[in-house]
Structure formats: structure tokens, C-alpha cells
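Structural overview
Each chain is listed here by its residues.
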Amino acid sequence: MSIDLYGLPVSQVVGVKGKKLEELHTLGISSVGQLLDYYPFRYEDYTLRDLTEVKDGDKITVQAKIVGIPQLQMYGRTKSRMTCKVMVDTWFVTTVWFNRHFMKDKLASGAELVLTGKWDQKRSQLTVTEAEIPGQGNSQTGTLQPVYSLTAALTQKWFRQITRQALLQFAELIPEVLPAELLRRYDLLPRKTAVSLLHMPGDLARGQRARRRMVYEELFLFQLKMQAYRALNHKRADGVAHPVDLPAVRTFVRSLPFTLTDSQKKVTAEILDDLQQPYCMNRLLQGDVGAGKTVVAAISLFAVVKAGYQGALMVPTEILAEQHKRSLDRLFEPYGIQTALLTGSLTAKQRREVLASMQMGLVDIVVGTHALIQEDVFFRALGLVVTDEQHRFGVNQRSVLRRKGMNPDVLSMTATPIPRTLAITAFGDLDVSTLRELPKGRKPILTYSVPHSLLERVLGFISREVEAGRQAYVICPLIEESEKLDVQNAIDIHAQLQFAFPAYRVGLLHGRMNPSEKDEIMREFSEGRVHVLVSTTVIEVGVDVPNSTLMIVYDADRFGLSQLHQLRGRVGRGEHQSYCVLIADPKNEVGKERMKAMTDTNDGFEIARRDLELRGPGDFFGTKQSGVPDFRLADMVVDFETMEQARDDAAELVRLADFWTGAPYLPLRAFLQREHIFDSDLLD
Ligand code: ADP
Ligand code: MG
């Protein structure tokens, strides 16, 4: 029987007691296992350097011989500056010491010292921060020293000492968790070696090897949790199997005004298959803007209605709800499928009527905003919930809606393409379907970034497109935290443009308009009666008017990258060449990176990757998206590929019957149990 290091109090480590023990507790370290898992966040490099290889400004450690006489200047009683000439190899170097006058005696001519400090190449000068006399015990010279994140009451030196002590006493007892075949496959260090090396790497190469092993482990265990959860969830069979009438679905698909792309066919098949299974579908459909997600949703809803159930389509804005309702009606009309709209702007009476017919099953499909998930909303037989622009809905909202029906299947659609790795990280318990291609015949949108001084020419662009029968969007500057100013901007720009183009109809859309006004202007725009639509970002997602070919964004450098990509996605939806003009301040450095990303690529996945790089994962998902795990060593951007690998490995493992029963996997099953993924009976 092996000792459980997590059950062993940290006071078992020689030298850990009293006040220091309490300090460890405040760091969350109460067991030996937790101490060993408390990894350094960086290393100080004390390896001896050769002056021919260092750069100006580097922090370096060198072996030096004192050749001059120290010159000391005191400023008051504690402050001082001291200089002293030394030799490093064959080089003369001036050392500078601040407030270290107590070292003066050590700087005797001919003495050897190991000095660490900041290197000034031009002056051949080293500002010393640490000095060691070689040959004395417990030397840090020539090594990497771990740096831990500690409370003020603990010193790095003490913490290094006790982790070393803990390793001495307990390293041999650190159990392996990864299956042997994975260690072999990736040439990973055994766990006990890796943990030891993380604390005392010796050199960078070994530290990196240790890190590689622990990063893989961290990501693998995370993914195992997700994959096991999913596998068990599927087995639980608590959903409803909806019998899909395939011939009817085929007829419906054939009646569409276009043929599906291969991607659309593939994801539709995945969804239809899920609908027929007795477990709850929980699927994320992601695809770039314009990839054609709506029709996939429509087919899925059609299938569920044909199976005798109701469907719900939940969207973030009323404009989108109206648009979806219109396009679903067009498609479903010949099949006698009843749709209804449920938004916040219905009158009380209208709302009562809609709710009643939903409950009686007179309505097959309800399209709505968050009004769909209020307390008093009930369905007769809710079979499928589709959420469009999924990232706009909180996890809670989704589950509220889910609880309303008969454990409906859930399809979440997002047009903010999340790199696959991140999708499976943040939404690891979801199945992910991806639309990889755009419908045929689309021409890539041409994107330009221009300074404000070229506004005249931009306006010329508008008239060129409108004269050719196309339409244009003009997005107004975003004034952070002031919707009022946003609206004022939109009103001003609308007036200017209407003045500049007296022959065209210039429309205005902003958040302060009432829903019926918004609906009216959107309808006019989609019917081509409004030529230029001046808008705030309310049209950011989902709006689909294929005849519009020009997207102009004022003050584009104020917008986030994925937001810009969303806006650009409003054009390029039909067969005409489309353009996106970003008006940006060329002097704004942050903005410049984003403009470059936008002009470099049309690929939403690439944009998402750059966005992630520019902002970091925390920001990328927003603080509210709590699904993103906080890894200790792994970095979702840097360790991108490892994450994918770990995911595939974990998925493969849980498919193995042996995994759920075999002795070699007991540690992993124990891990899953500690994480409350399943009940103890699977451990027998
Ligand atoms: P998104 O994925 O951004 O929600 P939409 O579903 O709004 O995209 O589709 C964008 C446009 O492409 C719509 O006008 C839609 O009718 C059209 N579309 C969808 N699928 C196809 C297809 N297979 N062939 C041609 N056009 C398509
Ligand atoms: Mg859409």
C-alpha cells in the first residue's frame, strides 16, 4: 500500500513548523502532496555566463576576480554607492554596488567572487545584485533557482530549502498517474522525476522536459474529466429519442433554394443522429460568419417537429429574432409548420396568446430572445432548443431553458469561431461540429484600413456600390460606456450622409429606437428600399442581407478583433464582390495590430487565434465565461497542440472497455472519483 501524500500533513517535512506552518496553510498547502505540487512560476538563472555571449541589459552571473580597490561613497547612514574593478576572463569590468557597503571587506584584491547583476555592454559595467563566495556550501552558482509565489512572511530561500527537503524525504513516494503507454508514446518523464526537476531543474533543458511532462499530465487529466463525463452522460440515456423521418427531411432539404455544402451535410447528419439517440444532445455548432448555420438549425427544427415535438430558437436580439422568424416562415410555409415570435416587445395580450398556444402545442417553433426563458413560459413537448450566437447566453440561461422541457436536445450555434482547442477546453462537455467551408461562389471580402483623412474617397465608394444596385452599412464609432453618445454619433453621421447623398435613402438604426421602429428599418433594408444603413453595433451579429456589399466602420481601432470580424461578416453573403473599409487612426498601436489582422485574413478561426494572442484567454472569453479552467502550468495558447493531443488521447482511453475496469487505470478512475465525475461503484 502506497502512502497518500495528500493525506500526509506538511509538518512531516523536516523544518516545517510553527509560524511558517501557518503561512503555508494560507498558501493552501497543508499536505506534503500539496507542497510538492506548488510549482515555481519562474527560475532565476545563475548559470555562469561568457561575456562574449551576453547582451546589453541581460541579467547575468559571472565568475570575477577583484583587481581594483573598492571606491565607496555613503549617502546618509544606509545608502551608498560602491564601484570596484574586476576581471572576468580576460575582460576588465567595473562593478557597481548600491547599498552594499558591508561587502567592502570582501572585495580584497585577488579575491574570487561569483557576481550576479545587470550587464551594461557599453560601459562594460555590472550592477551587482547578488554576490557569492565560491566553494561555500549551499551554493546557487551554476544552477537555475526556482522562484515561487509566496506570502511576504516567507522567503524564497526558506521555501527552496523545504521543497528540497520534502523531495529528499518523499520523492520516491510520488505515484505515477499516467498510463505507461502514454509515457512511452510521448517519451515523458516519470512523475516523480518531473516533480523533482520542476523544483530543482539544474539546467533549462531538464526544466523544460519536466514541464512538458507536467503540462501534458495537467491537460490530459482535464480532458479525461471532460471525456469521461461525456461518455457517462451518453450512457445515462436521460434524454428523448426523437424518431427522425429521413425521407421527409430529404424532401425539405431538396426544397431549399440552394444545395448544402459538404460541411453543412456533415454537421446536419451529426445533429440528426444525436436527435435520434436517447441521450441529451449537447452540441456546439461553430462556423465562420456566413458559413450558413441558420439553415442547419432550420433542418434540425424541421426534423424535430416532424417527430412530433416543438422547437425553440433563442437569439440575442429582437432584430435577429424577427429575421429568423421571417426566414423560417419562408422555408416552413409549404409544410404547415406554425411558428411564433416571443420577444419582450409583445403586448401583454399577444404574449398571453403565444404562451397559451405554445402550451397547447398549437405552435411548433418559437423564435425569441431571452423572453423565452422566463418563469411563465411552458411548452407542450419541447424537443430541441437551438441558441444562435451561443456566446451571448450564459450557461445558466441555457440550463433554465433546458429544464423547462422534456430534457430537450440543445444545439448551440456560435459565429465567433473559437479555435477548436479552446472550444473543447472551455466547453469540454460539449460535442463540437464545425462548418469548415463557406457556400460556393463567395468571393473573399476585400478589406482596407484607411485613415480618417480619406473619408471623401470612402464616401465615393458608397455611391459606386449603390449605383451598382448594392447596399452599404456604416457603423458608427463606439463610445465606451455611453450608449447616449453612441446614439448621438449615429444620428450625426446619418444626417451627414443623407446630406451627402440626397438621392439615396439613408436609414438609421440604434439601440434607443423602439422595437417596431428597428424592425421596420431592418425590413426596408433587407428589401432593398434603404440603400445605406447607418447603425451602431446593434447589427453586429446574425443580420443577413445578401445584397449588401460594403461595410464601413468608423473608428475601427476602438473595436475588438472578433467584433470587427462579426461586422465584416454582414457583407460577402451573396455572389457580389464585397468590401470592408476600416477607418482607423494609424498612430494607434493596439489598433494597428488589429487592422493588420483584419487585412491579412478573412478566416474567422485565424482571427480568433490572433485575438487570443492579443488579449489572452481570460479576456477572450470574458470574465463571465467561467468554464475556462485555470491551469497551473499549461498555457492555452502556447500549449495548443498538446491540448489537442491530450484530448484525443483521453477520448480514446474512455472508449476502451478496459479503462472502466482494468487495474492499470485504477489511479485515473480514483482521480475521476475525487473530481466527482462518477459514483464509487465504477471503482470496483
Ligand atoms: P451564419 O453562419 O453567419 O449564420 P447564415 O446562416 O446567415 O450564416 O447564412 C449566410 C447566407 O448564406 C444566407 O443568405 C444563406 O441563405 C446563405 N446560404 C446558406 N447556406 C448556403 C448554401 N449551401 N449555398 C448558398 N448559400 C447559402
Ligand atoms: Mg447566423
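Residues numbered from 1 in each chain as written. Chains lettered and ligands numbered in written order. Predicted model: local features only at pLDDT ≥ 70, side-chain atom pairs only at ≥ 80, totals over all residues. Heavy atoms only, no water.

To continue, consider the overall build of the chain. In terms of helices and strands, the chain carries 23 helices and 21 strands. Burial status across the chain gives 51% buried among its 684 residues. Expressed as a percentage of contacts within the chain between residues at least 6 apart in sequence, the contacts between residues at least 24 apart total 72%. Looking at the chain as shown, the accessible area adds up to about 32100 Å², and 52% of this sits on carbon and sulfur atoms. (Helix = DSSP H or I, 4+ residues; strand = E, 2+ residues; numbered from the N terminus. Buried < 20%, exposed > 50% of the residue type's maximum accessible area, 1.4 Å probe, protein only. Contact = heavy atoms within 4.5 Å. Areas by Shrake-Rupley, 256 points an atom, 1.4 Å probe, with all protein chains shown as cover.)

As a further point, take the side chain of Ser31. With respect to the secondary-structure elements, Ser31 resides in the loop between α1 (18-26) and α2 (32-36). With residues up to four places along the chain from it excluded, the contact list for Ser31 reads Leu5, Tyr6, Leu8, Pro9 and Val10.

To continue, consider the site of ligand 1. Among the 17 residues in the neighbourhood of ligand 1, the closest are listed as Gln264, Gly290, Lys293, Thr294 and Arg442. Interatomic distance of 3.0 Å between a backbone N/O atom of Gly292 and an oxygen atom of ligand 1. Here an oxygen atom of ligand 1 sits 2.9 Å away from a polar atom, N or O, in the side chain of Asp544. Taking 560 Å² as the accessible area of ligand 1 by itself, protein coverage stands at 85%. Here the residues of the shell around ligand 1 are counted per class, giving six nonpolar, six polar and five charged. (Near = heavy atom within 4 Å. Polar contact = N/O pair within 3.5 Å; in protein donor to acceptor, adjacent residues only side chain to side chain. Nonpolar A, V, L, I, M, F, W, Y, C, P; charged D, E, K, R; others polar.)

Of all residues in the chain, 89% attain a pLDDT of 70 or more, and the chain-wide mean is 86. Predicted confidence is poor over residues 618-628, with pLDDT under 50, and the contacts of this stretch with residues over four places away or in other chains come to 19 contacts. A low-confidence stretch, residues 680-684 stays under pLDDT 50, and its non-local contacts, those more than four residues away or across chains, total nine contacts. (pLDDT = per-residue confidence, 0-100.)

What follows covers the sheet that holds strand β18 (residues 506-509). Strand order in this open sheet of six strands is β16-β21-β20-β17-β19-β18, and the pairing throughout is parallel. Two strands close off the open sheet at either side, each with one partner strand: β16 (446-450) and β18. Strand-to-strand twist across the sheet, computed as the mean angle between neighbouring axes with direction ignored, equals 15°. Where β18 meets strand β19 (residues 532-535), four bridges bridge the pair, whose relative direction is parallel. (Pairing = 2+ DSSP bridges. Axes fitted to C-alpha atoms, helices over the stretch in contact; angles between N-to-C directions.)

The next subject is the pattern of salt bridges. Applying the stated rule across the entire model yields 31 salt bridges. A salt bridge links Asp519 to Arg326, with the shortest nitrogen-to-oxygen separation between them at 3.6 Å. Of this pair, Asp519 sits in helix α16 (residues 515-526) while Arg326 sits in helix α10 (residues 318-332), and the two are 193 residues apart along the sequence. By relative accessible area, Asp519 is classed as buried at 13%. Note on Arg326: relative accessible area 24%, which makes it partly exposed. (Salt bridge = Lys/Arg side-chain N within 4 Å of Asp/Glu carboxyl O.)

Pairing of strand β2 (residues 59-66) with strand β4 (residues 79-88), which is carried by two bridges, proceeds in the antiparallel orientation. Along β4, the bridge assignment pairs Lys65 with Met87. The sheet contact formed by strand β3 (residues 71-75) and β4 spans five bridges and is antiparallel. Within β4, the position partnered with Leu72 by the bridge is Met82. Adjacent in sequence and paired antiparallel, β3 and β4 are bridged by three residues, among which Gly76 carries a positive phi angle near 70°. Two strands pair when backbone bridges link them, and β4 and strand β5 (residues 91-98) are joined in this way by eight bridges, in the antiparallel orientation. Following the sheet pairing, Val88 is matched in β5 by Trp91.

As for its placement among the helices and strands, Ala584 is situated in the loop between β21 (579-583) and α18 (589-600). On the basis of relative accessible area, Ala584 is assigned to the buried category, the value being 8%. Taking the C-alpha atoms as reference points, Ala584 and Met595, eleven residues apart in sequence, are found 7.9 Å from one another. In contact with Ala584, not counting residues within four places along its chain, are Ser449, Val450, Pro451, His452, Asp557 and Met595.

With 60 residues, the main nonpolar core has Leu24, Phe159, Phe220, Leu224 and Phe659 as its most contacted residues. Among all residues touching Phe220, those that are not within four sequence positions of it are Leu178, Pro179, Leu182, Ala646, Asp649, Ala650, Leu653 and Leu668. (Core = buried A, V, L, I, M, F, W, Y, C linked by side-chain atoms within 4.5 Å.)

A positive phi angle is found at Asp187, which is not glycine, with a value near 55°. Inspection of the secondary structure puts Asp187 in the loop between α4 (180-186) and α5 (191-199). Even without a glycine there, the phi angle at Asp555 is positive, about 50°. Position of Asp555 relative to the elements: it lies in the loop between β20 (548-553) and α17 (561-568).

This part is about the packing of aromatic side chains. This model, assessed by the stated rule, comprises 14 aromatic pairs. Plain terms: the ring middles of Phe252 and Tyr335 are 5.5 Å apart, the flat faces sit at 75° to each other, and that makes the pair edge-to-face. Of this pair, Phe252 sits in helix α7 (residues 246-254) while Tyr335 sits in the loop between α10 and β11 (339-342), and the two are 83 residues apart along the sequence. Residue classification places Phe252 among the buried residues on the basis of a relative accessible area of 0%. Taken together, Phe252, Phe302, Phe332 and Tyr335 form an aromatic cluster joined through their ring pairs. The positively charged end of Lys59 is found above the aromatic ring belonging to Tyr46, 5.1 Å away from the centroid. (Phe/Tyr/Trp six-rings, centres within 6.5 Å; stacked < 30°, edge-to-face > 60°. Lys NZ or Arg CZ within 6 Å of the ring centre and 35° of its normal.)

Further remarks concern the side chain of Asp364. Turning to its location among the elements, Asp364 is positioned in the loop between α11 (348-360) and β12 (365-368). Of the side chains with opposite charge, Arg380 lies nearest to the buried Asp364, which makes no salt bridge, at 6.8 Å. Excluding anything up to four places from it in sequence, Asp364 contacts Val305, Gln310, Gly311, Gly336, Ile337 and Gln338. (Lys, Arg positive; Asp, Glu negative; His and termini not counted.)

Moving on to the packing of α17 against α18. Two numbers describe how α17 lies on α18: the axes approach to 10 Å, and their chain directions differ by 40°. The element α17 and its partner α18 pack so that their crossing is right-handed. Side by side, α17 and α18 meet where Leu561, Leu564, His565 and Arg568 of the first sit next to Arg594, Met595, Ala597 and Met598 of the second. Split by residue class, the contact of α17 with α18 holds five nonpolar, one polar and two charged. (Left-handed = near helix turned anticlockwise from the far one by under 90°.)

This part takes up α10. Compared with the 21 Å implied by 1.5 Å per residue over 15 residues, the 20 Å span of α10 between its first and last C-alpha is a close match. Judged by how many residues are buried, α10 sits mostly within the fold: eleven of 15 residues are covered. Three or more residues of α10 are buried, namely Glu318, Ile319, Leu320, Ala321, Glu322, Gln323, His324, Lys325, Ser327, Leu328 and Phe332. (Expected span 1.5 Å × (residues − 1).)

Take the sheet that holds strand β10 (residues 310-314) next. If you trace the seven strands from one edge of the open sheet to the other, you get β11-β12-β10-β13-β14-β9-β15, paired in parallel fashion. The open sheet has two edge strands with one neighbour each: β11 and β15 (431-435). Strand-to-strand, the axes of this sheet are offset by a mean angle of 20°, without reference to chain direction. In this structure, strand β9 (residues 282-287) lies alongside strand β14 (residues 409-414), joined through five bridges in parallel fashion. Bridging from a neighbouring strand, Leu285 pairs with Met413 of β14. Contacts from α11 reach β10, β11 and β12 within the one sheet, and its direction differs from that of β11 by about 135°.

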